[in-house]
Amino acid sequence: HSTDGTSEIIKSFGKRITIVRPSFHLRMSANWNYAIRSSSKEWILPFSGDDKLSPSCLINLFSKKGLLSDVILLMGATARNDLMTGKITKRAIRSVPAYSDSDLLLKKLICTPLCSFGSFCFLRSSFEAVGGFDESFHLIHDWVFQLKLCALGGFLKTDSVVIEKPVNQDRPELEDKRIPLY
């Protein structure tokens, strides 16, 4: 339901990209659930419209996946692009090893989210097993989703940048709302 010409840009890619559109405007997590349930691939990498994927993000995320059969979540680093200063800062997950089992990750996630939305991908079957993103949460639904995934399998991470996120977009109220929720 974008009004900025996004649909026209997507259509210019032809059949390589499919547009799925709910019949009415949905809130963020409901929209993610709708889009993911409308897709058909085994691995899902959701990202927001203002995020920029690293050219090698999928290689970075999947390079070690084949080594372990229980992996259901892949996490990577985020580059934060400060739109006010132009400074780009890499934000990698330092507090967990390259492979984490469910118990270790749960302990780490209880304290704080480990990765930004768009810098992780997950198995479709795990998404379905936990019921998708919890639509009753606002601004922290990705963190709650990752907490639910902890019961299902192992996690791999890379310190390579997966996504570049804009920050300081004249929306400081979002950060002010997130901190008390954590």
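Right, let's walk through the structure included here. (Residues numbered from 1 in each chain as written. Predicted model: local features only at pLDDT ≥ 70, side-chain atom pairs only at ≥ 80, totals over all residues. Heavy atoms only, no water.)

## Overview of the pattern of salt bridges
Okay, step 1: Scanning all chains against the criterion turns up four salt bridges.
Okay, step 2: Here K157 and D159 are joined by a salt bridge, their closest N and O atoms 3.1 Å apart.
Okay, step 3: According to the relative accessible area criterion, D159 is partly exposed, its value standing at 30%. (Salt bridge = Lys/Arg side-chain N within 4 Å of Asp/Glu carboxyl O. Buried < 20%, exposed > 50% of the residue type's maximum accessible area, 1.4 Å probe, protein only.)

## Examining the packing of helix 4 (residues 102–111) against helix 6 (residues 141–149)
Okay, step 1: At their nearest, the axes of helix 4 and helix 6 sit 9 Å apart, and the two run at 155° to each other. Judged by the angle between their axes, helix 4 and helix 6 are roughly antiparallel. Remark: the crossing between helix 4 and helix 6 carries left-handed chirality. Residue-level inspection shows L106, L109, I110 and C111 of helix 4 in contact with helix 6, the latter providing W143, Q146 and L147.
Okay, step 2: Here the contact of helix 4 with helix 6 is built from residues that sort into six nonpolar, one polar and no charged. (Axes fitted to C-alpha atoms, helices over the stretch in contact; angles between N-to-C directions. Helix = DSSP H or I, 4+ residues; strand = E, 2+ residues; numbered from the N terminus. Parallel < 35°, antiparallel > 145°, perpendicular 65-115°, else oblique. Left-handed = near helix turned anticlockwise from the far one by under 90°. Contact = heavy atoms within 4.5 Å. Nonpolar A, V, L, I, M, F, W, Y, C, P; charged D, E, K, R; others polar.)

## With respect to the pairing of strand 3 (residues 71–82)
Looking along a regular strand, one sees side chains alternate from face to face of the sheet.
Okay, step 1: Of all the 12 residues making up strand 3, 11 are buried; the element is thus mostly covered by neighbouring parts of the structure.
Okay, step 2: When strand 3 meets strand 7 (residues 154–167), the two strands line up parallel, connected through 10 bridges. In the strand pairing of strand 7, D82 is matched with V167.
Okay, step 3: Sheet topology note: the strand 3/strand 6 (residues 120–123) ladder contains three bridges and is antiparallel. Bridge pairing in strand 6 places L74 opposite C121. (Pairing = 2+ DSSP bridges.)

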